[in-house]
Every structure is written in structure tokens, then in C-alpha cells.
Amino acid sequence: MKKSISANEIANLLRDDMTIMIGGFMANGAPEGLIDIILESDIKNITLITTDTGTPESGSGRLIKAKRIKKLYASHIGTNPETGAQMNSGELDVELVPQGTLAERIRAAGAGLGGVLTPTGLGTLVAESKQVIQVDGKDFLLEKPLHADLALIRGSVVDTKGNTVYKGTTQNFNPLMATAADTVIIEAASLVNAGDIAPEAVHTPGLFIDHIYQGA
């Protein structure tokens, strides 16, 4: 299987100061096996793009707890006390992004757009240092794309070509992130042969997936 990748091969792709996107919402749909590989490596100073930091024991929150993250883009950090503590101490640079805006900024990167215009955040801390553009007499914030060196996502059913189905709410940010990184690694909960997934059931086409990982 050409797209299959081992834990050792993934570790060789990792380096300090990477920008990494990690899928999941409150760790639902998070690639826990891929997160394990990061924790087993010694990389640090990661810029992390994720919808939330889960808990100290789940999802990308485990990387926060291990102090591997230097910069965080997220929409919610309240369920992980470690994130707030590191932010308040100055150890962690946090940019809180409204969840819809976060999704659109990732989508913009995947679509090759220069950014998106949104009224969300006008007149708040979100607007600090951002360009305001007027359209038809209305003000909008210019929110720039969020792109990553590496996207780590999880698929419920993945075929050997990378075509992917996400079950239930595990779909969350995973399909968007699959389009917005230089390299995309998907952790497959279930791996099937090419052709076993009906074409109309595919959420992420295999052309977006560079590597498939299936842990224990």
C-alpha cells in the first residue's frame, strides 16, 4: 500500500518549529495515535492549529500538558486548565479565534484564497491589529488563511487510496484540515480496500491524503 506509513517514518517527518493542525472537537475525532508519536519524539516549539485543547489527558491537550506548543490558534480552551495556566504565565502564546472564523480561515487556505471577510469580532480584542475592509458601507475584518506544514487527522473508514468517511460528529474539522497543509497524515480507525467505500459516501477524497497510519 503506497500511502501506508509507519510510526518511525512519521517521526522522521517531525521537526522543531513546525506548524501542525490537529483535527477533532473535544478530542472527538482526534488522531490520538498520531499525537502519541509526537509525544514520543522530542520535537518542540510547535505552532498548533486546533479547534480546542480538549483536556490535559485527551486530544491535542496532551501536547499542551507536555509543553510542546509555543503558539496556539484555537476557539476554546476552557476545558483544559493547563492551557490557561501556560497562557497566563506567558509560556504559551494563544490566539483565540471564533470557531466559525477558524473554520473559514482553514478553508481559505485549502481553497487558495487570500482570506475571508467577517463581521465577527469587530469592536473586540479579536480585531486588534487586523485590517478592516468596508463593503457596501459595512465593516468587515480581513481574516487571513491558516495553513500548516502538517495536518494530523482521523478517519472512521479509510481505503488504501486515502478516500475517507467520518462517522457522526468526528467529521468536525478533519475534512477542512485535510485540504490546508503541505503534508496530510490520516489515522485510520478502519482500513479497507480501494473500492469498498461507495464514491458518494466519501467525505475526503484520497487526493488530499499523503499518508495513512494505522496504529494498534
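So, here is what we can say about the structure in this document. These numbers come from a predicted model, not from an experiment.

A short note on the pairing of strand β7 (residues 138–143)
Consecutive side chains along a regular strand alternate between the two faces of the sheet.
So, point 1. One ladder, built from three bridges, connects strand β5 (residues 116–118) with β7; its direction is antiparallel. Each bridged residue has a counterpart across the sheet, and for Thr-118 the counterpart in β7 is Leu-141.
So, point 2. Where strand β6 (residues 132–135) meets β7, four bridges bridge the pair, whose relative direction is antiparallel. Paired with Ile-133 across the strands is Phe-140, a residue of β7.
So, point 3. Between the antiparallel neighbours β6 and β7 lie two residues, among them Asp-136 with a positive phi of about 50°.

Some remarks on the pairing of strand β8 (residues 148–159)
So, point 1. Of all the twelve residues making up β8, ten are buried; the element is thus mostly covered by neighbouring parts of the structure.
So, point 2. Where strand β1 (residues 19–22) lies against β8, three bridges are found, and the strand directions are parallel. Within β8, the position partnered with Met-21 by the bridge is Ala-151.
So, point 3. In this structure, β8 lies alongside strand β10 (residues 181–192), joined through ten bridges in parallel fashion. What sits directly across from Ile-153, in β10, is Ile-186.
So, point 4. Both β8 and strand β9 (residues 164–165) contribute to a ladder of two bridges, which runs antiparallel. Considered in β9, the bridge of Val-157 is made with Val-165.
So, point 5. In textbook terms, the turn of a hairpin is the stretch between consecutive antiparallel strands, and for β8 and β9 this stretch comprises four residues, one of which, Gly-162, has a positive phi near 95°.

Things to note about the layout of surface pockets
So, point 1. Estimated volume of the largest pocket: approximately 180 Å³.
So, point 2. Here the lining of the largest pocket takes three residues from strand β4 (residues 93–96), the largest share from any one element.
So, point 3. Looking at side-chain class alone, the lining of the largest pocket contains five nonpolar, no polar and three charged residues.

A look at the side chain of Arg-62
So, point 1. Following the sequence through the fold, Arg-62 ends up in helix α3 (residues 61–65).
So, point 2. Judged by its relative accessible area of 16%, Arg-62 is buried.
So, point 3. At 2.9 Å, the side chain of Arg-62 and the side chain of Glu-32 are in polar contact.

Each value, and the rule that gives it
- Residues numbered from 1 in each chain as written.
- Predicted model: local features only at pLDDT ≥ 70, side-chain atom pairs only at ≥ 80, totals over all residues.
- Heavy atoms only, no water.
- Pairing = 2+ DSSP bridges.
- Helix = DSSP H or I, 4+ residues; strand = E, 2+ residues; numbered from the N terminus.
- Buried < 20%, exposed > 50% of the residue type's maximum accessible area, 1.4 Å probe, protein only.
- 1 Å grid on protein atoms, 1.4 Å probe; cavity = no way out; pocket = protein on both sides within 12 Å on 5 of 7 lines; lining within 4 Å.
- Points joined across faces, edges and corners; volume = space filled by probe spheres on them.
- Nonpolar A, V, L, I, M, F, W, Y, C, P; charged D, E, K, R; others polar.
- Polar contact = N/O pair within 3.5 Å; in protein donor to acceptor, adjacent residues only side chain to side chain.

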